[in-house]
Amino acid sequence: VLFLDDGLWVRSNPRYTSAALTLQLAIVVSMADGEIGEAERDLLIQQVENWLHLEPTEKSRLHAHLRWLLVEPPDFKNIKKQVENFPLSAREVLADFLMLIAHADNKISPNEVKILEKIYKALNLEVQSLYGKLH
């Protein structure tokens, strides 16, 4: 996806890259049960708007990126490496957000649990803490 703002190329920065990666992982979790529900989609759209650290152009670009991800969901294998270097606090916040996405439709499928387990392992977080949060 190529996003242009006023005809100028918009460059990625760490803020945008982290937010885009968060959306990719959220889509992976959302798709684990076979479809992205309306509640999950709405939560993702709202989250982009609520990210205060992003400039309006970055939010617009993320909305475009989200539309693309909803049509072409990413493969977890392709984004796994990118999360390994996140600081611990960022990985914990990311994991909590992904839990919100899984809960968005008020049910968590076994496939969502499996992908959350994989994500927790990729984030080097205790998988046991995932089970505590699920309950």
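Use the structure listed above.
Residues numbered from 1 in each chain as written. Predicted model: local features only at pLDDT ≥ 70, side-chain atom pairs only at ≥ 80, totals over all residues. Heavy atoms only, no water.

A. Layout of unusual backbone geometry. One non-glycine residue with positive phi stands out, namely N106, at about 65°. Relative to the helices and strands, N106 is located in the loop between helix 5 (88-103) and helix 6 (110-122). Although it is not a glycine, N124 adopts a positive phi angle of roughly 55°. A residue is classified by how much of its surface remains accessible, and N124, at 57% relative accessible area, is exposed. (Helix = DSSP H or I, 4+ residues; strand = E, 2+ residues; numbered from the N terminus. Buried < 20%, exposed > 50% of the residue type's maximum accessible area, 1.4 Å probe, protein only.)

B. Up close: the packing of helix 1 (residues 14-31) against helix 5. At a closest axis distance of 9 Å, the pairing of helix 1 and helix 5 adopts a crossing angle of 40°. Handedness of the crossing formed by helix 1 with helix 5: right-handed. Listed contacts from helix 5 to T22, L25, A26, V29 and S30 of helix 1 are L94, F97, L98, I101 and A102. Of the residues that constitute the contact of helix 1 with helix 5, the class distribution is 8 nonpolar, 2 polar and no charged. (Axes fitted to C-alpha atoms, helices over the stretch in contact; angles between N-to-C directions. Left-handed = near helix turned anticlockwise from the far one by under 90°. Contact = heavy atoms within 4.5 Å. Nonpolar A, V, L, I, M, F, W, Y, C, P; charged D, E, K, R; others polar.)

C. Geometry of the environment of R91. Mapped onto the fold, R91 is located in helix 5. Taking the relative accessible area as the measure of exposure, R91 reaches 13% and is therefore buried. Along the primary structure R91 and Y120 are separated by 29 residues, whereas in three dimensions their C-alpha atoms are 8.8 Å apart. Look past the residues within four positions of R91 in its chain and what remains in contact with it is V83, F86, L123, N124 and L125.

D. Just the packing of aromatic side chains, in detail. Tallied over the entire structure, the rule returns 1 aromatic pair. Consider the rings of W51 and F97, whose centres lie 6.4 Å apart with planes at 55°: the pair is tilted. Of this pair, W51 sits in the loop between helix 2 (38-50) and helix 3 (56-71) while F97 sits in helix 5, and the two are 46 residues apart along the sequence. There is no split in this pair, since W51 and F97 are both buried. Sitting over the ring of Y16, R61 keeps its end group 4.2 Å from the ring centre. (Phe/Tyr/Trp six-rings, centres within 6.5 Å; stacked < 30°, edge-to-face > 60°. Lys NZ or Arg CZ within 6 Å of the ring centre and 35° of its normal.)

E. Up close: the nonpolar core. Counting residues in each nonpolar core, the largest one holds 40 residues, and the members touching the most others are L62 and L98. Looking at this core, the elements with two or more residues in it are helix 1, helix 2, helix 3, helix 4 (76-79), helix 5, helix 6 and helix 7 (127-134). Broken down by element, the residue count for this core peaks at 10 residues, all from helix 1. Residues within four places of L62 in sequence aside, it is in contact with Y16, A19, A20, L23, V48, W51 and L54. (Core = buried A, V, L, I, M, F, W, Y, C linked by side-chain atoms within 4.5 Å.)

F. Region of the structure containing helix 6. Across its 13 residues, helix 6 extends 19 Å between first and last C-alpha, which sits within 8% of the 18 Å expected from 1.5 Å per residue. Residues of helix 6 that are buried include every one of E112, V113, I115, L116, I119, Y120 and A122, and no others. Taken together, the buried residues of helix 6 touch helix 1, helix 2, helix 4, helix 5 and helix 7. At the C-terminal side of helix 6, N124 shows a positive phi close to 55°. (Expected span 1.5 Å × (residues − 1).)

G. Local environment of the layout of surface pockets. Its boundaries defined by the atoms lining it, the largest pocket holds a volume of some 280 Å³. Around the largest pocket, the lining comprises 13 residues; the ones closest to its centre are T22, W51, A90, V93 and L94. Listed by contribution, the elements that provide at least two residues to the lining of the largest pocket are helix 1 and helix 5. Classifying every residue of the lining of the largest pocket gives 8 nonpolar, 4 polar and 1 charged. (1 Å grid on protein atoms, 1.4 Å probe; cavity = no way out; pocket = protein on both sides within 12 Å on 5 of 7 lines; lining within 4 Å. Points joined across faces, edges and corners; volume = space filled by probe spheres on them.)

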